[in-house]
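# Inside the fold
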Amino acid sequence: MRSQGILEKYASWIKLPDHAIPLSLNEGDTPLIPVPKLAKGLGGGFALYVKFEGANPTGSFKDRGMVAAVSEAVGSGATTLICASTGNTAASAAAYAARAGVKAVVLIPEGKVARGKLAAAAIYGAKIIQIDGSFDDALTLVREVATKLPVALVNSVNPYRLEGQKTAAFELCDELGRAPDLVCIPVGNAGNITAYHKGFVEYDAKKKTGVPTWIGVQAEGAAPLVLGKIVAKPETVATAIRIGNPARGKEALEVIAATKGKMLAASDAEILDAQKLLASEGIWVEPASAAPLAGLMKDIKAGCNLNGKTVVLVCTGNGLKDPDIVSLPDPVKVRPLFEEIRGLL
Ligand code: F0G
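Residues numbered from 1 in each chain as written. Predicted model: local features only at pLDDT ≥ 70, side-chain atom pairs only at ≥ 80, totals over all residues. Heavy atoms only, no water.

## Details of helix 6 (residues 135-148)
Definition in use: What counts as a helix is a DSSP run of H or I of at least four residues, what counts as a strand is a run of E of at least two, and both are numbered from the N terminus. Take the number of residues in a helix, subtract one, and multiply by 1.5 Å to get its expected span. For every residue, the accessible area obtained with a 1.4 Å probe (protein chains only) is divided by the maximum for its type, and the residue is called buried under 20%, exposed over 50%, and partly exposed between those limits. The arc under discussion is defined with respect to the helix axis, by the directions toward the C-beta atoms.
For helix 6, which comprises 14 residues, the first-to-last C-alpha distance of 20 Å matches the rise-based estimate of 20 Å (1.5 Å per residue) to within 8%. Listed in full, the buried residues belonging to helix 6 are Phe-135, Asp-136, Ala-138, Leu-139 and Val-142. The buried residues of helix 6 all sit within an arc of 155° when viewed along its axis, so they share a single face. Residues of helix 6 that are exposed and point over 90 degrees away from its buried face: Thr-140, Thr-147 and Lys-148.

Below, the structure written as structure tokens:
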């Protein structure tokens, strides 16, 4: 079958105004990878899958929401898009702006944006502005800019972002035949968990596919929704979710409450261990995307019962985005001779 982007594939489910333009980089349709070895290592008795969103065109789940937001914005006449970003949103906005022939301006927090994300924003031609502050400061600023200047805001406070991102829930139901029992997801600005839940609820209303329970996972140094208060100086190795005041935090907590789920915090060490564990199954994700596994492991340790359940880890971004986090071993150097290689094997 010809591959389609999400706007075409899920046209009847995505609510966009008539002025929205056709737009696609063939985003979506990402692999749902069974990880039975990993499930066994965690005690077994349940089916575990990775929804590998790093397979999207710019390497993260943001492409699903961005294609919808940019389609609407450009159709409404916008010629400049703006966003605040820890990196992935910037890369995605820049790519879809390029595709649609408009300008992208991205505001990033001081330092700590992974190299692959910045390189992407640069090669797609975005104007990159670093602010002397956090992601939360950058988001406050772009919200103000978008009310005062003729630019379209494409952060997940834009409702069309959620319309696109909810399609990942549709894919899970289409592939599994129903919703998973439990879904674990990293939570930063809290747009994605809100979008997925919306998707599951809408599918369930028409197709009776069910609605999963959630484990939302934040990084310990950036866990406002676990602590119940804003974190002024968020810090974590999972730079994608280095956010102290999530714009959709209230909605995320409502999703957790409605599905009898949990919001957990994982330490940087737990996140990096989980990243290695996923890599041992052949799946390289960026640190933020390993947080769901770190959270699931915590919950298992705390005695949760997964017997007979279907569990999905939403792995939001590709490991290639953040290569600097991986420490490289010194290469073994030999002369180009068979005997030398044989001696090493
Ligand atoms: N995982 C990755 C890889 C992300 O880039 C983000 C957010 C999240 C998870 C959290 O998703 O914000 O919807 O709760 N990245 C944003 C950005 C903030 O600017 O790229 P969320």
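## Let's talk about the site of the ligand
Stated precisely, the cut-off is as follows: One heavy atom within 4 Å of a molecule or strand is enough for the residue carrying it to be called near that molecule or strand. Counting of polar contacts relies on pairs of N or O atoms within 3.5 Å, with two restrictions inside protein: one atom must be capable of donating a hydrogen and the other of accepting it, and residues adjacent in sequence are counted only when both atoms are side-chain atoms. Only the protein chains shown count as covering a residue, and every accessible area follows the Shrake-Rupley method with a 1.4 Å probe. Residue polarity is assigned by list, with Asp, Glu, Lys and Arg as charged and Ala, Val, Leu, Ile, Met, Phe, Trp, Tyr, Cys and Pro as nonpolar; anything else, Gly included, falls into the polar class. A domain assignment, automatic or from a database, supplies the domain bounds used here.
Residues in contact with the ligand amount to 21 residues; listed here are only the nearest, Ser-85, Thr-86, Asn-189, Ala-190 and Thr-316. Here Asn-192 contributes a backbone N or O atom positioned 2.8 Å from an oxygen atom of the ligand. Within the side chain of Thr-316, one N or O atom sits 2.6 Å away from a nitrogen atom of the ligand. Notes on the ligand: free accessible area 480 Å², of which the protein chains cover 99%. Taken together, the elements giving at least two residues each to the shell around the ligand come down to helix 4 (88-100), helix 9 (191-207) and helix 13 (287-301). Taken together, the residues that form the shell around the ligand break down as eight nonpolar, 11 polar and two charged. No fewer than three residues from each of domain 1 (6-59 + 160-325) and domain 2 (62-159) sit in the shell around the ligand.

## As for the sheet that holds strand 8 (residues 213-219)
What links the strands of a sheet is backbone hydrogen bonding, and the strands pair in either a parallel or an antiparallel sense. Put simply, the test is: Between any two strands, pairing holds if DSSP finds at least two bridges. Angular values range over 0 to 180 degrees, each being the angle between N-to-C directions of two axes fitted as lines to C-alpha atoms, with helices fitted over their stretch in contact. Should any heavy atoms of two residues lie within 4.5 Å, those residues are considered in contact.
Across the sheet, which stays open at both edges, the six strands sit in the order 1-2-10-7-8-9 with mixed pairing between neighbours. At either margin of the open sheet sits one strand with a lone partner, and together these are strand 1 (32-34) and strand 9 (262-266). Here the average twist between neighbouring strands, direction ignored, is 25°. Its contacts with the sheet place helix 11 (residues 249-258) against strand 8 and strand 9, and it is angled at close to 115° to strand 9.

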